[in-house]
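Understanding the architecture of this molecule
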Amino acid sequence: MKTPGAALPLMRRALADSWRSTLAWAVGLVAVMSLYLPLYPAIGGNAQMKQLLDSLPPELIRALNYDQIATGAGYTQATFFGLMGFLLMSIASVAWGAAAIGGDEEAGLLELTLAHGVSRVQVVLERAAALAVRVAVLSAVVLATIVVLSGPSQLGVGPGHAAGGVLLFAGLALLSGTAALAAGAIGGRRFHGLAAGAAVAVAGYAFNALGNQSSDLSWLHGLSPYHWAYGNAPLANGPDWGAVAAIYGLSAVFTAAAAAVLAQRDVGA
Amino acid sequence: MPHQPAAITVRGLRKSYGSKEVLHGLDFTVERGTIFGMIGPNGAGKTTTMRALLDIIRPSSGELALLGEDPRRGGPALRRRIGYLPGDLILQARTTGRRLVEHYGELSGPVRPGRVRELAERLDLDLDVQIRRLSKGNKQKLGLVQAFMHDPELLVLDEPTSGLDPLMQAEFLALLHEARAKGQTVFLSSHVLSEIQAVADEVAILREGKITTIATVEELRATATRRLRLVAGNTSPEKLAALLQGVPGVARLAVHSVGAAGMVEATGVLEDGVSALVRALAAVELHDLVLEEPDLEEAVLSLYSEEVRP
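Residues numbered from 1 in each chain as written. Chains lettered and ligands numbered in written order. Predicted model: local features only at pLDDT ≥ 70, side-chain atom pairs only at ≥ 80, totals over all residues. Heavy atoms only, no water.

A short note on the overall build of chain B
When helices and strands are counted, chain B shows 10 helices and 13 strands. By principal-axis analysis of the C-alpha atoms, chain B measures approximately 80 × 45 × 40 Å. Residues classed as buried in chain B amount to 50% of the 310 residues present. Nonlocal contacts in chain B, meaning residues at least 24 apart in sequence, comprise 69% of its contacts between residues at least 6 apart. Carbon and sulfur atoms make up 51% of the accessible area of chain B, which amounts to about 14000 Å² in all. (Helix = DSSP H or I, 4+ residues; strand = E, 2+ residues; numbered from the N terminus. Buried < 20%, exposed > 50% of the residue type's maximum accessible area, 1.4 Å probe, protein only. Contact = heavy atoms within 4.5 Å. Areas by Shrake-Rupley, 256 points an atom, 1.4 Å probe, with all protein chains shown as cover.)

Description of the environment of Val142 of chain A
Residue and element names in this part refer to chain A. Note on placement: Val142 falls in helix 6 (residues 120–150). Taking the C-alpha atoms as reference points, Val142 and Gly117, separated by 25 residues in sequence, lie 37 Å from one another. Among all residues touching Val142, those that are not within four sequence positions of it are Leu29, Met33, Phe80, Phe81, Val166 and Phe169.

Section: unusual backbone geometry
Residue and element names in this part refer to chain B. Going from Gly109 to Pro110, the amide bond is cis rather than trans, its omega being 10°. Its identity is not glycine, yet Asp55 carries a phi of approximately 65°, on the positive side. Among the structural elements, Asp55 can be located in the loop between helix 1 (46–53) and strand 4 (61–66). Asp55 gets classed as buried once you look at its relative accessible area, which sits at 8%. Of note, the phi angle at Arg252 is positive, near 50°, even though the residue is not glycine.

Quick word on the pattern of salt bridges
Residue and element names in this part refer to chain B. Counted according to the given criterion, the structure contains 28 salt bridges over all chains. Ionic pairing is found between Asp55 and Arg72, a salt bridge with its closest N-O pair at 3.9 Å. Of this pair, Asp55 sits in the loop between helix 1 and strand 4 while Arg72 sits in helix 2 (residues 71–79), and the two are 17 residues apart along the sequence. The closest approach of N and O atoms between Arg81 and Glu69, which form a salt bridge, is 3.3 Å. (Salt bridge = Lys/Arg side-chain N within 4 Å of Asp/Glu carboxyl O.)

Brief notes about the sheet that holds strand 11 (residues 250–257) of chain B
All names here are of chain B. Here four strands make up an open sheet; going across it, the order is 11-12-10-13 and the pairing antiparallel. The sheet terminates laterally at strand 11 and strand 13 (285–291), the two strands that pair on one side only. For this sheet, the mean angle separating the axes of adjacent strands, direction not counted, is 15°. Both strand 11 and strand 12 (residues 264–270) contribute to a ladder of six bridges, which runs antiparallel. Considered in strand 12, the bridge of Val255 is made with Ala266. Contacting strand 10 (226–233), strand 11 and strand 12, helix 8 (residues 237–245) runs over the sheet at an angle of about 165° to strand 11. (Pairing = 2+ DSSP bridges. Axes fitted to C-alpha atoms, helices over the stretch in contact; angles between N-to-C directions.)

A look at the interface of chain A and chain B
By a widely used convention, the size of an interface equals the accessible area lost when the partners come together. Every contact between the two is made by 31 residues of chain A and, on the other side, 31 residues of chain B. When chain A packs against chain B, close to 2800 Å² is buried across both sides, 53% of that on carbon and sulfur atoms. The tally of links between chain A and chain B comes to three salt bridges. Between Glu106 of chain B and Arg12 of chain A there is a salt bridge, and its shortest N-O distance comes to 2.7 Å. Applying the counting rule to chain A against chain B returns 22 residue pairs in polar contact (both at pLDDT 80 or more). Listed by contribution, the elements that provide at least two residues to the side of chain A that touches chain B are helix 1 (9–36), helix 5 (109–114) and helix 11 (241–264) of chain A. For the side of chain A that touches chain B, the element with the most residues is helix 1 of chain A, which contributes six residues. Counted by class, the side of chain A that touches chain B contains 13 nonpolar, nine polar and nine charged residues. (Buried area = accessible area lost by both parts, 1.4 Å probe. Polar contact = N/O pair within 3.5 Å; in protein donor to acceptor, adjacent residues only side chain to side chain. Nonpolar A, V, L, I, M, F, W, Y, C, P; charged D, E, K, R; others polar.)

Some details on helix 1 of chain B
Burial runs high along helix 1 of chain B: seven of the eight residues are buried. Positive phi appears at Asp55 of chain B, one or two residues downstream of helix 1 of chain B, with a value of about 65°.

A short note on the packing of aromatic side chains
Residue and element names in this part refer to chain A. Within this structure, the stated rule accounts for 11 aromatic pairs over all chains. Seen in terms of ring centroids, Phe80 and Phe169 are 5.6 Å apart; in terms of plane orientation they differ by 40°. Their pairing is tilted. One end of the pair, Phe80, is in helix 4 (residues 72–106); the other, Phe169, is in helix 7 (residues 159–187), and 89 residues separate them in sequence. Taken individually, Phe80 and Phe169 each receive the classification buried, so the pair is uniform in this respect. An aromatic cluster is present here, built from Phe86, Tyr205, Tyr226 and Tyr230 joined pairwise through their rings. (Phe/Tyr/Trp six-rings, centres within 6.5 Å; stacked < 30°, edge-to-face > 60°.)

Regarding the environment of Val10 of chain B
All names here are of chain B. On the secondary structure map, Val10 appears in strand 1 (residues 8–17). Separated by 206 residues in the primary sequence, Val10 and Thr216 have C-alpha atoms spaced 18 Å apart. What Val10 contacts, discounting residues up to four positions off in sequence, is Leu26, Asp27, Phe28, Leu53, Glu63 and Leu64.

A few points about a positive patch on the surface
Residues Arg190 of chain A together with Arg94, Arg132 and Arg133 of chain B make up a contiguous surface patch of positive charge. With respect to the helices and strands, Arg190 of chain A occurs in helix 8 (residues 190–211). (Patch = residues over 30% accessible without salt bridge, like charges linked within 9 Å, V, L, I, M, F, W, Y side chains within 5 Å. Lys, Arg positive; Asp, Glu negative; His and termini not counted. Charge placed at Lys NZ, Arg CZ, Asp CG, Glu CD.)

Points about the confidence of the model for chain B
All names here are of chain B. Looking at chain B, the pLDDT average stands at 89 and 94% of residues meet or exceed 70. Considering each helix and strand of chain B separately, the mean pLDDT is smallest for helix 10 (residues 296–305), with a value of 66, and largest for strand 6 (residues 154–157), with 98. Taken over the whole predicted complex, pTM reads 0.87, whereas the ipTM for its chain interfaces reads 0.87. (pLDDT = per-residue confidence, 0-100.)

Written out as structure tokens, the structure reads:
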């Protein structure tokens, strides 16, 4: 780089512009974990609770992934990684991904940025990297919180399995975030990114919930990144490395598609 | 000094969106160190042309060269040598103007220390306000700051005066004069000629995706219509009319007697040079002669509205 500044100017810019929202999401995630996880001894391991769960329709239990809720790992998976954490991380990641190119184009800034000394591929890659860094920061916060709460909350999730679960948790967020980035880069609107990112997250969740219902529908698991990630209970059994490769690989494919399409098309037209 | 390629060369530029062609083959050249204006009504294709030059959109056909390089292949290195002000600057960023121009300075720099402050002061722009809270005029000023700050060899400015009050327009014109004096080239667009006629060396008139005229401002002025009114004595309407009808370029002539006997007033327009008229009037006892400054705006409007000749 000929410019006097340090490397990766667009990534640093994206991170500097979003540190407040990153912090807010981190606070939100920690708050949710601090609310749910310490309740495990009172809920998940509680015999009355188990009776209550047994009285609920089994379809509901399967849809919510509450079938393993009696173990610390299953409880953490069902309440946080599978539900609230998944929801919050997906929203954050999709919002960032949709804003990265499509939102920027809509705000009139992309045209101006592209007229400066950058290439389009560089813009996409640095902004995707900024998305990945933010997802990684939030995931690190989640991991640290699990490790801290595991003992006092009697979760019995070791740091190794926690790290494996967080790796997949981060991958799912990155997948819907890069889908949002790609759709925004293709369509040129924030809305396109939000729709595509939400579709990836929601479809993944829904296909998993439906696939859980019966063996006739279990083929839907194949279409659900959520199931790839969580189907083998990574907090209890460690991550499925094939799922890790598939989810991160697909995120890379979405990013490459965003770069390839943006490099070819007219901007702001 | 080695030969330098022209600042901008455009040959056969066409652009279609779907089946609708919006640029129908433009040809023009902007020489280094000049100020070249593109005038045309909204929708004529000025913004499309400029976006194609900056590689924001891609031409359907035609050849473009900026500073001797194809904008598609020139990449970041070429764009660092260019300053660009987009046409409809929306700018909804949740950041301050200062941080945005610092960022762009990092991409396209180096920016001379103090240059941004100097530009902001001259344009009376507060760089520490959130961009989305800026008025349209102030967003325009911010756009000008980021275009000028790295002293690029070529400035491409789409409707640069829009949203600027008259005082700021004057300051902007001063910036253009300085840029030209430093050897920078300026390509700018406007839908009103009067805003740029004082600075433009050459003007292209764009209408419905075609260039109808390329001329210097002086040439435009020479072809522009002047209003003519004169009062002559010791003559008759018939005689004066016959005389004036013989002068090339005189049109829309109306002649009638006024006041005392033998006084005749003639009004009309002069569409050609003045010398033939002056020679003809030597034979007349003139009491009054008014030849108005040519109205370039009217000239351009007539070029806009001219039917495309078969």
